[in-house]
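Listed below are the residues making up each chain.
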Amino acid sequence: MVHLEKIEYKPMPVRDLLVEMKDLSELMIDLAYSAALFHSHELAEEVLELETHVDTLAYILKMNTMLAARDAEDAEALVGVSMVASAADKISDAAADIAALAIREIHVHPIVRAAFSKVEEQLVRAEVKPNSILVGKNLGELELAARMGVDVIAIRRKKNWIINPEGSEVVSDGDILIARGAPHGVEELQLVAEGSVQKLGD
Amino acid sequence: MAPKVQKPFAKIVKELVELKDTSELMMDLAYSSLLLSSRELAEEVEALEERMDNLHTEFELLVLASGFKSEESKDFLGLIRLGVATENIADAAAEIARVVLRGLEPHPILKDMIKEAEETVTRVQVSRKSSLIGKSLRNVKLPEETGMWVLAIRRGKKWIRPKPNLTLKAGDFLIASGYAEGKEDLDKLASGENTLSE
C-alpha cells in the first residue's frame, strides 16, 4: 500500500513559499543533470528527496492561497500565483525524472556529458563527518573557491536546505554539501569532508 | 581522450543540447515576462514552445532511426528520457508565460519571487554614455565582467535574441539574468558610470 504523509496546513507567507519553490526547482535541474550524466546515485537521491519537499511546499502554498482569497476578484488575482507554483512543481518533477535515470542505472553516454558541460565542471555531494576539519568553520574562512576551485552551492542540514549559503555559514557535522567545481577539486572536497584528508591546500 | 563518435550520434547529441538550452532559456524568459509584465516576452516563450515541439519530434525520430543494437537500447532510452524531461520543463515555462498572455496583471507576489530568488532577472537600458555601445556581445564579455547573461534585447519595438556578433546600441534594453550581485555591475556598465576593463 502506498503511504503518503498527510500535509497539514501551516500559515506561511505565499511569497516565501514561491521563492523557495523557484530556487529549489532550479537547483534540482542542475543536480539532476549532474546525477544522470555522472551516474551519481547519491546526487539522484538528493533530488528525489527535494522533489518530495517541493511537493509539500506546493500543498502548503495552495492552502495558503485559498485562504487568502475573499472574493472573486482576489481569486482572479491569485490564480496566477497558483499556476506559477504548479509550474515550478512540474519543473521539479522533470528534474526527478532525470535523476531517476541514475537510480535505474540507465546510463547516459559520456558524449552527452561532454556536450552538456561546456566547462569541465561537475556537481558533487559531500557528507561532512565529525572528524572533518571543515566542522565549525565558516565558508568565508574556508576559502574553498580559492584553495580547490569549488563553490558550495547548497547545504542540506537534516531536512533544511540552504541555497547559495553566505560566507558566514558555519559547516556542521552531518551537513551535506553540494558543490560545483573542476573534477579534481570536487574530489578533494569529498576527501576533506569525510575526514581522510586533514589539511586544506593553499 | 574523446571516444570516436559516429555521425548520426553526434547529430542526436547536438539536438539534445539544443533541447536542453531552449528549455532553460524558456524558463528564464517566462519568469522575466512575469517580472516585467511583458506580453512580448511571453509571446517569445510561446514561439519557443512551438519550436521545442518540432525539435523534440525531430530528436525522437533521429534516435529511433539511428539503428542502435539491442545491447545499446538502455543508453538510447536514457537519451529519450532526457528529451522528454526537457519537453516537460518547456511546458512548465509556457504555463508561466501564459499567465501573462491571458492578460492577468502578475500578482505583486510573483514579482517579489523573482527579485528575491538567488538568481534574478533584470532589465537595463544602454545609455548614450555607456562603453558598451558599438561593441559586439562577444567582445563585451558580460558574463565575465558582471556574472550576468543576456537573455533578450529589446531595440525599439523589436525583441532580438542575443547572438555573439550582435552590436549593442544606445537605447537597447538588455534583459539579463544572474546572481543579484551582478545586477549592480551591469547597471553601472550600461549607464556609463563604469567602463569595460581592458
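Residues numbered from 1 in each chain as written. Chains lettered and ligands numbered in written order. Predicted model: local features only at pLDDT ≥ 70, side-chain atom pairs only at ≥ 80, totals over all residues.

Novice: Please set out the overall build of chain A residue by residue, giving values where relevant.
Specialist: Within chain A, the regular secondary structure consists of seven helices and four strands. What you see in chain A, going N to C, is helices and strands ordered as α-α-α-α-β-α-α-β-β-β-α. Counting only C-alpha atoms and orienting by the principal axes, one finds that chain A spans roughly 60 × 40 × 35 Å. Per-residue burial for chain A yields a buried fraction of 41% across its 202 residues. Partitioning the contacts of chain A with sequence separation of at least 6, the portion at a separation of at least 24 is 79%. (Helix = DSSP H or I, 4+ residues; strand = E, 2+ residues; numbered from the N terminus. Buried ≥ 20, exposed ≤ 12 C-beta atoms within 10 Å, placed from the backbone. Contact = placed C-beta atoms within 7 Å.)

Novice: How would you summarise the domain arrangement of chain B if you had to cite specific residues and measurements?
Specialist: Residues and elements named next belong to chain B. Once the domains are mapped, chain B shows domain 1 (7–108) and domain 2 (118–191). When each unit is reduced to the centre of its C-alpha atoms, the spacing between domain 1 and domain 2 is 25 Å. At the level of secondary structure, the elements contributing two or more residues to the side of domain 1 that touches domain 2 comprise helix H1 (7–35) and helix H2 (39–64). Looking at the side of domain 1 that touches domain 2 residue by residue, the class counts come to six nonpolar, one polar and three charged. (Domains from an automatic or database assignment. Nonpolar A, V, L, I, M, F, W, Y, C, P; charged D, E, K, R; others polar.)

Novice: Mind laying out the sheet that holds strand E3 (residues 160–163) of chain A, listing which residues take part and the relevant values?
Specialist: All names here are of chain A. Taken in spatial order, the four strands of this open sheet run E1-E4-E2-E3, and their pairing is antiparallel. The sheet is open, and its two borders are formed by strand E1 (122–127) and E3, each paired with just one other strand. Neighbour-to-neighbour, the strand axes of this sheet turn through a mean angle of 25°, independent of strand direction. In the packing of helix H7 (residues 183–194) onto the sheet, contacts are made with E1, strand E2 (150–157) and strand E4 (176–181), and the angle to E1 comes to roughly 5°. (Pairing = 2+ DSSP bridges. Axes fitted to C-alpha atoms, helices over the stretch in contact; angles between N-to-C directions.)

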